[in-house]
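Summary of the model geometry
The residues making up each chain are set out below.
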Amino acid sequence: FVGSGDGASYNFADPLALRTFDLTSLNGKILRINPDGTAPVNNPFYDGTNSNQSKVWAYGLRNPFRFTLDPIVGEPLTGDVGWNNWEEINRGRGVNFGWPCFEGNSPQPTYQAAFTQCQQMDPATITYPIHTYNHTVGATVVGGTYYTADQYPDQYLGNFFFADYVSNWIKRIIFDSNQNVVSVKDFASNANAPVSFVVGPDGLIYYVSITTGELRRINFDGPFANASADPTFGYSPLDVAFSSAGSSDPNGQTLTFFWNFGDGNTSTEADPLHTYVSGTVQTFVATLTVTNEDDKSSFDSVSITVGSLPPQA
């Protein structure tokens, strides 16, 4: 598998970016080739020859940096670096990810205004990101790695770790058994411009911090926080039972608990009850911090929506 950017200018709506939709061009693609450079016959756009089109796996990408293979289905999971507003994590075979006519989950307004091709593109033909975030959160996504080893707690198994080069954080995507996204959790801050990830032979995640010139290893040596709540939505006043079940310490140390309910109230109980009151629809982020005897801590969060119920899909 090979990732290729659009090769267009980032200063204006460059018509060269439209090459991402041209299957005869190698720009803005994920390619799949044999070791000798030929096209595999089971590629999605194989035309019976060794053409560029025959080598394309997916298209409509701006800057696929970087990707790893899904350990379940074997497809690339790609961090696509955005333009002015949105960063993306993409997955799919034989699909159009939409750049430059679409960015994130929406039409790209500058390119839509500039090119008829974008205006005529059917949104139903676009494969949207499995996760996207705007530039208030980060500005340069870095596709990472799946965790498939056994040196971290079970909750990390099968998670996809990715980062943002500009905002210096690492997050993880949690999937269900069908590889659908369940949630996206914070993992680390102050990662200092991470640009590449791998799970090492010792079962630990390594990443490159390009600004410090360091290869860093993430070792698990502290408590693990696991926060849950029931219910997570409802009308005000809403009584919520919080639970720290599943929180643990690898060395068997005693844990202390601190809940911040997100509405100005806190608790030091392991499994507190709390009532939310709100005159408007609000989502409160309740955060559990667990601390062991060595003063090492970790946190986990759960969102509580007050004043509304989710739609039925």
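Right above here is the structure, for reference.
Attention here is on the structure that accompanies the text. Predicted model, so just to flag it, every value in this text is computed and none were measured.

**What about the pairing of strand β12 (residues 169-175)?**
With respect to burial, β12 is a largely interior element, 7 of its 7 residues being buried. On β12, burial covers both faces: Trp169, Lys171, Ile173 and Phe175 on one face and Ile170, Arg172 and Ile174 on the other are all buried. Both strand β11 (residues 160-164) and β12 contribute to a ladder of 5 bridges, which runs antiparallel. Each bridged residue has a counterpart across the sheet, and for Phe160 the counterpart in β12 is Ile173. Both β12 and strand β13 (residues 181-188) contribute to a ladder of 6 bridges, which runs antiparallel. Bridge assignment links Ile170 to a residue of β13, and that residue is Ala188. Count of turn residues in the β12/β13 antiparallel hairpin: 5 residues, of which Gln179 carries a positive phi of about 65 degrees.

**Here's the deal with the pattern of salt bridges**
Inspection of the entire model under this criterion finds 6 salt bridges. With its nearest N and O atoms 2.6 Å apart, the salt bridge here joins Asp221 to Lys296. Note that Asp221 is positioned in the loop between β16 (214-218) and β17 (228-230) and Lys296 in the loop between β23 (282-291) and β24 (297-306), a separation of 75 residues in sequence. A residue is classified by how much of its surface remains accessible, and Lys296, at 34% relative accessible area, is partly exposed.

**Re the sheet that holds strand β1 (residues 2-4)**
Strands sit in the order β1-β2-β3 across an open sheet of 3 strands; the sheet is antiparallel. The open sheet has two edge strands, β1 and β3 (56-59), and neither has a second partner. Each neighbouring strand pair of the sheet contributes to a mean axis angle of 20 degrees, computed without reference to strand direction. For strand β2 (residues 29-31) and β3, the ladder comprises 3 bridges, and the chain directions are antiparallel. Looking across to β3, one finds that Ile30 is bridged to Ala58.

**A closer look at the sheet that holds β24**
The 5 strands lie next to each other as β18-β24-β23-β20-β21, forming an open sheet whose pairing is mixed. Edge positions in the sheet fall to β18 (233-234) and β21 (266-267), since each has one partner strand and no second. In this structure, β18 lies alongside β24, joined through 2 bridges in parallel fashion. When the sheet's bridge partners are listed, Gly234 is paired in β24 with Val306.

**Topic: the state of the cysteines**
Scanning all chains against the criterion turns up 1 disulfide. Note that Cys101 is cross-linked by a disulfide to Cys118, the S-S spacing being 2.1 Å. With the S-S bond torsion at -70 degrees, the cross-link from Cys101 to Cys118 turns out left-handed. Placement of Cys101 in the loop between β6 (86-91) and β7 (102-103) and of Cys118 in helix α2 (residues 116-119) is noted, with a sequence separation of 17 residues between them. A single burial state applies to Cys101 and to Cys118, both of which are buried.

**Thoughts on unusual backbone geometry**
For the bond running from Trp99 to Pro100, omega is 10 degrees, close enough to zero to count as cis. Assignment of secondary structure puts Pro100 in the loop between β6 and β7. Pro231 follows Asp230 through a cis peptide bond whose omega is 0 degrees. Within the secondary structure, Pro231 sits in the loop between β17 and β18. Here the phi dihedral of Asn190 falls at roughly 55 degrees; this positive angle occurs in a residue that is not glycine. Looking at the secondary structure, you find Asn190 in the loop between β13 and β14 (194-199). One non-glycine residue with positive phi stands out, namely Asn192, at about 55 degrees. With respect to the element layout, Asn192 can be found in the loop between β13 and β14. What makes Asn192 partly exposed here is its relative accessible area of 29%.

**Things to note about the packing of aromatic side chains**
This structure, assessed with the given rule, holds 23 aromatic pairs. Aromatic side chains Tyr147 and Tyr152 sit 4.4 Å apart centroid to centroid with 15 degrees between the ring planes, which places their arrangement in the stacked category. Across the pair, exposure class does not vary: Tyr147 and Tyr152 are buried alike. When the centroid spacing of 5.7 Å and the interplanar angle of 85 degrees are considered together, the rings of Phe162 and Trp169 count as edge-to-face. Residue classification places Trp169 among the buried residues on the basis of a relative accessible area of 10%. Feature note: the residues Tyr133, Tyr146, Phe160, Phe162, Trp169 and Phe175 constitute an aromatic cluster, connected by ring pairs. The positively charged end of Arg62 is found above the aromatic ring belonging to Trp99, 5.7 Å away from the centroid. The ring of Trp169 carries the charged tip of Lys171 above its face, separated from the ring centre by 4.7 Å.

Parameters and conventions
- Every residue gets a number counted from 1 within its own chain, in the order that chain's sequence is written.
- Local features in this predicted model are restricted to residues whose pLDDT is 70 or higher, and side-chain atom pairs enter the listing and the counts only when it is 80 or higher, whereas totals over whole chains, interfaces and linings include all residues.
- Water and hydrogen atoms were dropped before computing side-chain values, which therefore reflect all heavy atoms in the structure.
- Exposure is judged per residue with a 1.4 Å probe applied to protein chains only, and the accessible area is read against the type maximum: over 50% gives exposed, under 20% gives buried, and values in between give partly exposed.
- Strands here mean DSSP runs of E at least two residues long; helices mean DSSP runs of H or I at least four residues long; both are numbered from the N terminus.
- Criterion used throughout: strands pair if DSSP finds at least two bridges between them.
- Take a side-chain nitrogen of Lys or Arg and a carboxyl oxygen of Asp or Glu: if they are within 4 Å of each other, that pair is a salt bridge.
- Orientation is described by lines fitted to C-alpha atoms, with helices fitted over the stretch in contact, and by angles between N-to-C directions that extend from 0 to 180 degrees.
- Two cysteine sulfurs form a disulfide in these notes if their separation is within 2.5 Å.
- Note on ring pairs: Phe, Tyr and Trp rings are taken, using the six-membered ring of Trp, and paired if centres are within 6.5 Å. Classes follow the plane angle, with under 30 degrees stacked, over 60 edge-to-face and the rest tilted.
- Only when the NZ of Lys or the CZ of Arg is both within 6 Å of the ring centre and within 35 degrees of the ring normal is a charge said to sit over the ring.

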